[in-house]
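# Secondary and tertiary structure notes
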Amino acid sequence: MKYELMALIAEAWRAIAQNGRWMSWNLFLALVPLAVSFFLFYRPRSRVFLWGTAFLLGVTFLPNTRHVFSYLNHLIQDVGKTYILGAIAITLLMMALDLWVLRQRGVRSLRWWAGFLIFIAFLPNAPYILTDIIHLIDQIRSGNSVWVITLALIPQYLLFMVVGFEAYVLSVISLGYYLKQQGLAQFVLITELIVHALCAIGIYLGRFIRFNSWDIITNPDEIVNTVLNDLIGKRPVLLIAVTFIVISCLYWLMKQVTLGISNRRYSAKPQQALM
């Protein structure tokens, strides 16, 4: 009995360790927009939450240090004139709109807009984690025992997906809170829906076309061509629509839970309660 238990634990550990590398990388990418949102939109009052996010970001970054720096090197080498000119044009356009719409408050800095582009570029990585359930299906089919699947793999995947998607929920909540601070509360819902739609497109491009967030920099022409040519078919539109519905429903549900917990913690000031 003892040897059987030890063998089961060893099998469970091997199955969990097998997922550790790619899960930590995907979770790191999911936490990036949340960390950026602290500087752009809303700095949480809870030090535990701030330090907890920083800790998770560090823990998921360290196993992928070489991975991260290799991609940074890839970005630096492959940035082209098309993207540089496009980025400058887009940034200037958004700043001009910002100055026109909110001229009484003044335009935001170029650094803020650069951070916003990073936020939008990396945000789909958070809900993208939900699609990693396909790896669990593959592991189930690979012949792992029922006990390993039930007691090790399923809890690991649940924790992974909950943390990743909660990072998305908190990021979008922070964006909505920022809009309210700017006197634009009436645009919160439509902004959330637009963000969900953009993420649904991003998930399709990432899961099925195999684009990454950095391809916005290194491969902007190919992304534009793909969006214009490949996303108008029935299958892509259906997949994006289903993804949009799933993200929207899960976001609404987890938003209620998150705000409920936050309001309960800061019951003295429920209107300002957030993390």
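Structure first, text after, so check above.
Since we're looking at a predicted model, the values are computed, not measured.

On to the overall build of the protein chain. Broken down by element type, the protein chain carries twelve helices and zero strands. Helices (α) and strands (β) of the protein chain occur, in sequence order from the N terminus, as α-α-α-α-α-α-α-α-α-α-α-α. Taking all 275 residues of the protein chain together, 41% fall into the buried category. In the protein chain, the proportion of contacts linking residues at least 24 apart, taken out of those at least 6 apart, comes to 77%. As presented, the protein chain carries roughly 16400 Å² of accessible surface, and 70% of it is formed by carbon and sulfur atoms.

Looking now at helix 5 (residues 110–122). The first and last C-alpha atoms of helix 5 sit 19 Å apart over 13 residues, in line with the 18 Å expected at 1.5 Å per residue. Among all positions of helix 5, only Trp112, Trp113, Gly115, Phe116, Phe119 and Ala121 are buried.

Next up on the list: the pattern of salt bridges. Applying the stated criterion to the full structure yields one salt bridge. The closest approach of N and O atoms between Lys255 and Glu192, which form a salt bridge, is 2.9 Å. A residue pair is termed long-range when its members are at least 10 positions apart, and Lys255 in helix 12 (residues 234–265) and Glu192 in helix 9 (residues 188–207) qualify at 63 residues. For the pair shown, Lys255 and Glu192 are each scored as buried.

All right, on to the packing of helix 8 (residues 146–181) against helix 9 then. Where helix 8 contacts helix 9, the two axes come as close as 10 Å, and the packing angle between them is 145°. The hand of the helix 8/helix 9 crossing is right-handed. Contacts between helix 8 and helix 9 pair Tyr168, Val172, Leu175, Gly176, Leu179 and Lys180 from the former with Val188, Thr191, Glu192, Val195, His196 and Cys199 from the latter. Of the residues in the contact of helix 8 with helix 9, the class split is seven nonpolar, three polar and two charged.

Residue placement: Trp13 occurs in helix 1 (residues 2–40). With 135 residues separating them along the chain, Trp13 and Val148 place their C-alpha atoms 8.9 Å apart.

This next bit is on the packing of aromatic side chains. What the rule picks out here adds up to 14 aromatic pairs. Here Phe38 and Phe49 contribute two aromatic rings whose centre-to-centre distance is 5.7 Å and whose plane-to-plane angle is 65°, an arrangement assigned as edge-to-face. Here the residue Phe38 occupies a position in helix 1, and Phe49 occupies one in helix 2 (residues 47–61), the gap between them amounting to eleven residues. Among the residues examined, Phe38 registers a relative accessible area of 10% and is labelled buried. One aromatic cluster is present, formed by Phe41, Trp112, Phe116, Phe119 and Tyr178 through successive ring pairs.

Basis of the calculations
- Residues numbered from 1 in each chain as written.
- Predicted model: local features only at pLDDT ≥ 70, side-chain atom pairs only at ≥ 80, totals over all residues.
- Heavy atoms only, no water.
- Helix = DSSP H or I, 4+ residues; strand = E, 2+ residues; numbered from the N terminus.
- Buried < 20%, exposed > 50% of the residue type's maximum accessible area, 1.4 Å probe, protein only.
- Contact = heavy atoms within 4.5 Å.
- Areas by Shrake-Rupley, 256 points an atom, 1.4 Å probe, with all protein chains shown as cover.
- Expected span 1.5 Å × (residues − 1).
- Salt bridge = Lys/Arg side-chain N within 4 Å of Asp/Glu carboxyl O.
- Axes fitted to C-alpha atoms, helices over the stretch in contact; angles between N-to-C directions.
- Left-handed = near helix turned anticlockwise from the far one by under 90°.
- Nonpolar A, V, L, I, M, F, W, Y, C, P; charged D, E, K, R; others polar.
- Phe/Tyr/Trp six-rings, centres within 6.5 Å; stacked < 30°, edge-to-face > 60°.

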